[in-house]
Amino acid sequence: MNALRQAQTWAAPLLAALVIAATANAADWPQWRGPERDGVWRESDLVESMPEGGLKTRWQMPADLGYAGPAVADGRVYLFEYEKRAGEITNNPGSRDELDGVERLRCLDAATGEELWRHEYDRPYNVSYPGGPRCTPTVDGDRVYILGAEGDLRCLRTDDGKLLWSKSFPNDYGAETPLWGHSAHPLVVGDLLYCIVGGEGSVAVAFDKLSGEERWRKLSAYEPGYCPPTLVDGELVVFHPEAVVGLTPATGDHQWSVPIRPNYGMSIAQPIVVGDALFATGYGASVSFRIAGGEPDVLWAGTPKTSVSSANATPIYDGRAIYGVDANDSILVAVDPATGKRLWETKAPTLGEGGRGRHGTVFAVRQGETDRYWLFNETGELILARLTPEAYEEVGRQTILEPTSDSFGRPVVWSHPAFAQGAVFARNDEQVVCVELRAE
């Protein structure tokens, strides 16, 4: 992107390594939103419609509570969950529930679902919507990183689950757990692991990925928010409840800042590259901007009936339009990236036309460089659809999981699936399934 700051020379080999890794493991889904964290599935030879007899389930296994999506890498599935031993889950969005239980990472055989190892630790919860950890495991070579709802950051060995190092955000940084729990999926780039932590001067922290030693800490805000850090053109982009900020990845030095204040501190969706600009969206707010000469240039800001104010799910840009779910209206919309104007909107994949409620959720994954998308909605349906600037066109849908949680009085499953090895891997609070998507 010409208008964004040029990548620092030290970052070039890291970016190249990311591309090589993504190419080498195109059939894997080793972290949140896939190998490149862009919500694109790059496998081919997949079904082009829902078969008459339905998609076939390869396997299904029991699971415990969790919003964390599965990760798939090197023939293994990593499932992060919570076993509740005591307490009541009310899912009141404005208050915390106290639970006693165990956070657990299980490693499963991707071909059969058989458990290979598990790592668990006692962890009381005091968060709203306490039904398990939020962050998808991040797999990096022979290590896997997990971040629990109460700020337990752990590095484990992938072959046997041995704990290599750990951090506690409350104990080590004085970080109060956000109301809805720590939700910002950790990011590995080169030899660093980036996390959204919290506490004074430590909204963003870089750790040595091998030792856990802190390399730097930066930024303060009234809350850390819930948005994962992301790398854009050699800069680390952090979206907290007061601003989108650009940092130098090696040192954390401040480069630029764009104010944006989503309602209730709900900076959740990852800022995305849109042509030569960046687009950031939170609950009740959105903004499109360029970085020119080191300074931000705001192109437009969304209003309640323009753009898209996203919460649970990060939008996708296909070169022509931005597609995302508006959290207040529960509609899937297409947005003109030049103006923020809505091109079309529909509730068909979220609550159904005529359905009412806030935070209707659908996770969208693009099929390569096509206009075909796999949509996993909060009722547990997998939808195959075409998304273009002109229209939403549904090809077919099938229920692959039942919604086992609840929100705003309706049953939901709010967990981003993994797409890997010709299949979709999805979980609710009772089971994890692997469903075949390869063409016969």
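Coordinates for the structure precede this section.
Residues numbered from 1 in each chain as written. Predicted model: local features only at pLDDT ≥ 70, side-chain atom pairs only at ≥ 80, totals over all residues. Heavy atoms only, no water.

Undergrad: Whenever I open this one, the overall build of the protein confuses me. Can you help?
TA: Along the protein, the regular secondary structure elements total 2 helices and 36 strands. By the compact-globule yardstick of 22 Å for 440 residues, the protein fits well, its C-alpha radius of gyration being 20 Å. Expressed as lengths along the three principal axes of its C-alpha atoms, the size of the protein is roughly 55 × 50 × 45 Å. The buried share of the protein, reckoned over its 440 residues, is 61%. (Helix = DSSP H or I, 4+ residues; strand = E, 2+ residues; numbered from the N terminus. Rg over C-alpha atoms; globule rule 2.2 N^0.38 Å. Buried < 20%, exposed > 50% of the residue type's maximum accessible area, 1.4 Å probe, protein only.)

Undergrad: Just to check I follow, could you spell out the pattern of salt bridges for this structure?
TA: Pairs can form between side chains of opposite charge once their charged atoms are near each other. Summed over the entire model, instances satisfying the criterion amount to 34 salt bridges. Across the pair Glu36 and Arg42 runs a salt bridge whose closest N-O atoms are separated by 3.8 Å. Residue class for Arg42 comes out partly exposed when judged on its relative accessible area of 36%. The closest approach of N and O atoms between Asp64 and Arg104, which form a salt bridge, is 3.3 Å. Of this pair, Asp64 sits in the loop between β2 (57-62) and β3 (71-73) while Arg104 sits in strand β5 (residues 97-109), and the two are 40 residues apart along the sequence. Judged by its relative accessible area of 26%, Asp64 is partly exposed. Overall, Arg104 belongs to the buried group, its relative accessible area being 4%. Here the salt bridges do not stand alone but share partners, grouping Asp64, Glu81, Glu83, Arg104, Arg106, Glu115, Arg118 and Glu120 into one network. (Salt bridge = Lys/Arg side-chain N within 4 Å of Asp/Glu carboxyl O.)

Undergrad: Would you take a moment to explain the nonpolar core for this structure?
TA: Across soluble globular proteins, nonpolar side chains show a tendency to be buried alongside one another. With 35 residues, the main nonpolar core has Trp29, Trp41, Trp374, Leu382, Phe419, Phe425 and Leu437 as its most contacted residues. Of all the elements in the fold, those that place two or more residues in this core are β4 (76-87), β28 (362-367), β29 (372-377), β30 (381-387), β34 (418-420), β35 (423-427) and β36 (431-436). (Core = buried A, V, L, I, M, F, W, Y, C linked by side-chain atoms within 4.5 Å.)

Undergrad: Help me understand the state of the cysteines in this model?
TA: One covalent bond between the sulfur atoms of two cysteine residues makes up a disulfide. Inspection of the entire model under this criterion finds 0 disulfides. Left unpaired, Cys107 is separated from the closest cysteine sulfur, that of Cys155, by 14 Å. Its relative accessible area of 0% is what places Cys107 among the buried residues. The thiol of Cys155 is not disulfide-bonded; the next cysteine sulfur, from Cys195, is found 11 Å away. A relative accessible area of 0% places Cys155 in the buried class. (Disulfide = S-S within 2.5 Å.)

Undergrad: How should the side chain of Asp208 be read in this particular structure?
TA: Take Asp208: it is sitting in strand β14 (residues 204-208). Every residue in contact with Asp208, bar those within four places of it in the chain, is listed here: Trp165, Asp191, Leu192, Glu213 and Arg215. (Contact = heavy atoms within 4.5 Å.)

Undergrad: Explanation requested: the packing of aromatic side chains in the structure shown.
TA: Given two aromatic rings, their pairing is described by the distance between the two centres and the angle made by the two planes. Taken as a whole and judged by the stated rule, the model has 19 aromatic pairs. The interplanar angle of 50° and the centroid separation of 5.7 Å between the aromatic rings of Trp180 and Tyr226 together place this pair among those described as tilted. Residue Trp180 is located in the loop between α2 (169-173) and β12 (187-189), and its partner Tyr226 is located in the loop between β15 (214-218) and β16 (230-232); the two are separated by 46 residues in the primary sequence. Here the aromatic residues Tyr145, Trp165, Phe169, Tyr173 and Phe207 are joined through ring pairs into a cluster of three or more. The residue whose ring lies beneath Arg33 is Trp32, and the NZ or CZ to ring-centre distance is 5.6 Å. Above the face of the Tyr121 ring, Arg154 is positioned so that its terminal group lies 3.9 Å from the ring centre. (Phe/Tyr/Trp six-rings, centres within 6.5 Å; stacked < 30°, edge-to-face > 60°. Lys NZ or Arg CZ within 6 Å of the ring centre and 35° of its normal.)

Undergrad: Help me understand the sheet that holds strand β19 (residues 254-259), please; the structure alone is not making it clear to me.
TA: Strand order across the open sheet formed by 4 strands is β16-β17-β18-β19, with antiparallel pairing between neighbours. Each edge of the sheet is formed by a strand with only one pairing partner; in this case those strands are β16 and β19. Geometrically, the sheet is characterised by an average inter-axis angle of 25° between neighbouring strands, direction not taken into account. Relative to strand β17 (residues 235-240), β16 is paired through 3 bridges, and the arrangement is antiparallel. Bridging from a neighbouring strand, Val232 pairs with Glu235 of β17. (Pairing = 2+ DSSP bridges. Axes fitted to C-alpha atoms, helices over the stretch in contact; angles between N-to-C directions.)

Undergrad: How do you make sense of the sheet that holds β28 when you look at a structure like this?
TA: The strands making up a sheet associate through backbone hydrogen bonding, with each pair oriented either parallel or antiparallel. Pairing within the open sheet is mixed, and its 5 strands lie in the order β1-β28-β29-β30-β31. The sheet is open, and its two edges are formed by β1 (40-41) and β31 (392-399), each paired on a single side. Pairing of β28 with β29, which is carried by 5 bridges, proceeds in the antiparallel orientation. By the bridge assignment for β29, Arg366 is matched with Tyr373.

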